[in-house]
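Next come the chains, spelled out residue by residue.
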Amino acid sequence: MNPHAKLITSMSLLLGTTITISSNHWVMAWTGLEINTLAIIPLISKSHHPRAIEAAIKYFLVQAAASALILLSSTINAWCTGQWDITQMTHPISCLLLTAAIAMKLGLVPFHFWFPEALQGSPLTTALLLSTAMKFPPITIMLLTSNSLDPTLLTTMAIASTALGGWMGLNQTQTRKILAFSSISHLGWMAATIAYNPKLALLAFYLYVTMTATVFFTLNATKTLNLSTAMTSWTKAPMLNAMFMLTLLSLAGLPPLTGFLPKWLILHELTKQGMTPMATIIAILSLLGLFFYLRLAYYSTITLPPNSTNHMKRWHMNKPATPPIAILTSLSISLLPLSPMILTTI
């Protein structure tokens, strides 16, 4: 991609995100979301592969529909109440439409179909942006309007996302699709608690971004796109692969790793709110996700490659692990002891 084009798209992404998270008027928030959508499309389609073009079209259509729904819900609310303020969403139809629109933006079930396809058609760096940075503006709107969102619809989508994210990830062999379904499952956990404790949902999002960024950076460093190449990745960077296994287990939510913290706090919050059955259901459904994380960890770290591989083995990486990978890996593995300090802030 042309360096000037890359600079313009990067600056547009930053501008769109900043406008959305700092606005208190619905039209400004919508403008920021549209700038974001238009800025990421060249990054998705830059390889000019048919799958990349298909991913870009799917992404554009879904995001445009979601933005139109946000504009419709805010217009209905302004028509009935005279308020354009984001925090003053009170009309019931507007609240329902807004919940559906944000779910579409994030990729919650049943609006999830576009997300695995968009990730699979994108390069790893763009897939990282789609899984992390592009979810920040909708999560911010969700946080600001947490009192207005429809709780029944949100709870239903949270359980469905946790279930489907784990279930659909079981038979995947492409790492980007596995991480897409992992993202859907994690978003289900955030949606489960955002109506009761928005700060906790934001903490869960931050930790999810840290762990997912670590996984994407590691996959990009070892050029691992599917499970068959994951089997030979240990030869390129053995220490990086050992840390990759720990990061995957952290993403699965196993103690004493960082990923256990948000799940533990969310289950505690749901139990405190008298929603013990829901807490039990999503805790059981997270075992599905644990299975495919363990499978990915097993393939990348424990399994020796078969003798008859169809691709050339690469015995060395082109460049060593970079400082960002080292810092993110440390955060993804060892933040649990800081939980008392984190608990005082939420």
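Residues numbered from 1 in each chain as written. Predicted model: local features only at pLDDT ≥ 70, side-chain atom pairs only at ≥ 80, totals over all residues. Heavy atoms only, no water.

### Examining the domain arrangement of the protein
Spelled out, the test is: In this document the domain limits rely on a domain assignment from an automatic tool or a database. Contact criterion: two residues are considered in contact whenever any of their non-hydrogen atoms come within 4.5 Å of each other. A pairing counts as a salt bridge when a side-chain nitrogen of Lys or Arg comes within 4 Å of a carboxyl oxygen of Asp or Glu. Secondary structure is summarised from DSSP: a helix means a run of H or I of at least four residues, a strand means a run of E of at least two, and numbering begins at the N terminus for each.
According to the domain assignment, the protein consists of domain 1 (1-122) and domain 2 (150-345). Counting residues at the interface gives 18 residues for domain 1 and 18 residues for domain 2. The interface formed by domain 1 and domain 2 includes one salt bridge. Notably, a salt bridge pairs lysine 177 with glutamate 117, separated by 3.4 Å at the nearest N-O pair. No other element matches the six residues that helix 4 (residues 92-106) contributes to the side of domain 1 that touches domain 2.

### Looking at the environment of leucine 257
Note the threshold: Partly exposed residues are those whose accessible area sits between 20% and 50% of the maximum for their type, while under 20% is buried and over 50% is exposed, using a 1.4 Å probe and protein chains only.
When you line up the elements, leucine 257 lands in the loop between helix 12 (238-252) and helix 13 (260-272). On the basis of relative accessible area, leucine 257 is assigned to the buried category, the value being 10%. Once the C-alpha coordinates of leucine 257 and isoleucine 76 are considered, the two residues, 181 residues apart in sequence, prove to be 45 Å apart. With residues near it in sequence (within four places) discarded, leucine 257 still touches Leu246, Leu249, Ser250, Ile333 and Leu336.

### Regarding the packing of aromatic side chains
Filter applied, for reference: Two rings from Phe, Tyr or Trp (for Trp, the six-membered ring) form a pair when their centres sit within 6.5 Å of each other. Planes less than 30 degrees apart are called stacked, planes more than 60 degrees apart edge-to-face, and all others tilted.
Enumeration according to the criterion identifies eight aromatic pairs in this entry. When the ring of phenylalanine 260 is compared with that of tryptophan 264, the centres are 5.9 Å apart and the planes differ by 5°; the resulting orientation is stacked. Here the residue phenylalanine 260 and the residue tryptophan 264 both occupy positions in helix 13, the gap between them amounting to four residues, near one helical turn. Both rings, one in tyrosine 298 and one in tyrosine 299, keep their centres 6.2 Å apart while their planes meet at 85°; by these two values the pair is edge-to-face.

### Here's the deal with the UniProt feature "transmembrane region" (unreviewed entry) in the protein
Here is the rule: UniProt positions are given in the numbering used here, feature names are shortened, and annotations may be inferred rather than shown by experiment.
The UniProt feature table records "transmembrane region" (unreviewed entry) at residues 56-79, 91-115, 152-171, 178-196, 202-219, 240-258, 278-300 and 321-343. End C-alpha to end C-alpha, residues 202-219 measures 26 Å, and it is 100% helix and 0% strand. Helix makes up 68% of residues 240-258 and strand 0%, whereas the separation of the span's terminal C-alpha atoms amounts to 18 Å.

### So, the nonpolar core
Filter applied, for reference: In this text, buried Ala, Val, Leu, Ile, Met, Phe, Trp, Tyr and Cys residues form a nonpolar core when linked through side-chain atoms within 4.5 Å.
If you look at the biggest cluster of nonpolar residues, it comprises 88 residues, and the most contacted ones within it are Ile40, Tyr59, Leu130, Met142 and Leu270. At 13 residues, the largest contribution of residues to this core is made by helix 10 (residues 198-222). Here this core gathers at least three residues from each of two domains, domain 1 (1-122) and domain 2 (150-345). Once residues lying within four places of it in the same chain are set aside, the contact partners of methionine 142 are Ile102, Leu106, Leu108, Leu149, Leu154, Ala191 and Ile194.

### Quick look at unusual backbone geometry
It is generally the case that most residues other than glycine have a negative phi and that most peptide bonds are trans. Across the junction of valine 109 and proline 110, the peptide omega takes the value 5°, indicating a cis bond. Residue position: proline 110 is located in the loop between helix 4 and helix 5 (114-120). Between proline 255 and the following residue, proline 256, the backbone shows a cis peptide bond with an omega angle of 5°. Mapping proline 256 onto the fold places it in the loop between helix 12 and helix 13. The phi angle at lysine 223 is positive, at roughly 55°, despite the residue not being glycine. For lysine 223, a relative accessible area of 46% gives the class partly exposed.

### Quick look at a nonpolar patch on the surface
Rule in force here: Excluding any residue in a salt bridge, patches collect residues exceeding 30% relative accessible area, merging like charges within 9 Å and nonpolar Val, Leu, Ile, Met, Phe, Trp and Tyr side chains within 5 Å. For every accessible area listed, the method is Shrake-Rupley and the probe measures 1.4 Å; residues are considered covered only by the protein chains on display.
Side chains of Leu38, Ile53, Ile57, Phe60 and Leu61 sit close together on the surface and give an oily, nonpolar patch of about 460 Å² of accessible area. By the element assignment, phenylalanine 60 lies in helix 3 (residues 50-81).

### Looking at helix 4
As a reminder of what qualifies: The span you would expect from a helix comes to 1.5 Å times its residue count less one.
Here helix 4 contains 15 residues, and its C-alpha end-to-end distance of 21 Å stays within 8% of the 21 Å for a straight helix at 1.5 Å per residue. In terms of burial, helix 4 is a largely internal element, eleven of the 15 residues being buried. Along helix 4, the positions that sit buried rather than exposed are Ser94, Cys95, Leu98, Thr99, Ala100, Ala101, Ile102, Ala103, Met104, Lys105 and Leu106. Buried residues along helix 4 sit against helix 2 (26-44), helix 3, helix 5, helix 7 (136-144), helix 8 (151-168) and helix 9 (175-193). Positive backbone phi, at 95°, marks glycine 107, one or two positions downstream of helix 4.

### Observations concerning the packing of helix 10 against helix 12
In plain terms, the rule: The axes used here are C-alpha line fits, helices contributing only the stretch in contact, and every angle between their N-to-C directions lies in the interval 0 to 180 degrees. Convention used here: angles under 35 degrees read as roughly parallel, angles over 145 as roughly antiparallel, angles from 65 to 115 as roughly perpendicular, and any remaining angle as oblique. Put simply, a crossing is left-handed when the front helix is turned counterclockwise from the back one by less than a right angle, and right-handed when it is turned clockwise. Each residue receives one of three labels: charged for Asp, Glu, Lys and Arg, nonpolar for Ala, Val, Leu, Ile, Met, Phe, Trp, Tyr, Cys and Pro, and polar for the others, Gly being one of them.
Following both chains from N to C, one finds helix 10 and helix 12 inclined at 150°, their axes separated by 10 Å at the closest point. Here helix 12 runs roughly antiparallel to helix 10, going by the angle between their axes. Regarding helix 10 and helix 12, the two cross each other, and that crossing is left-handed. Only Leu240, Asn241, Phe244, Thr247, Leu248, Ser250 and Leu251 of helix 12 make contact with helix 10, whose side of the interface consists of Met211, Thr212, Thr214, Val215, Thr218, Leu219, Ala221 and Thr222. A breakdown of the residues in the contact of helix 10 with helix 12 according to their chemical character gives eight nonpolar, seven polar and no charged.

### Some details on the packing of helix 12 against helix 14 (residues 276-302)
Axis separation between helix 12 and helix 14 bottoms out at 9 Å; the angle between their running directions is 175°. As judged from the angle between their axes, helix 12 and helix 14 are roughly antiparallel. The segment helix 12 lies against helix 14, with Asn241, Phe244, Met245, Leu248, Leu249, Leu251 and Ala252 engaging Leu290, Tyr293, Leu294, Leu296, Ala297, Ser300 and Thr301. Grouping the constituent residues of the contact of helix 12 with helix 14 by class yields eleven nonpolar, three polar and no charged.

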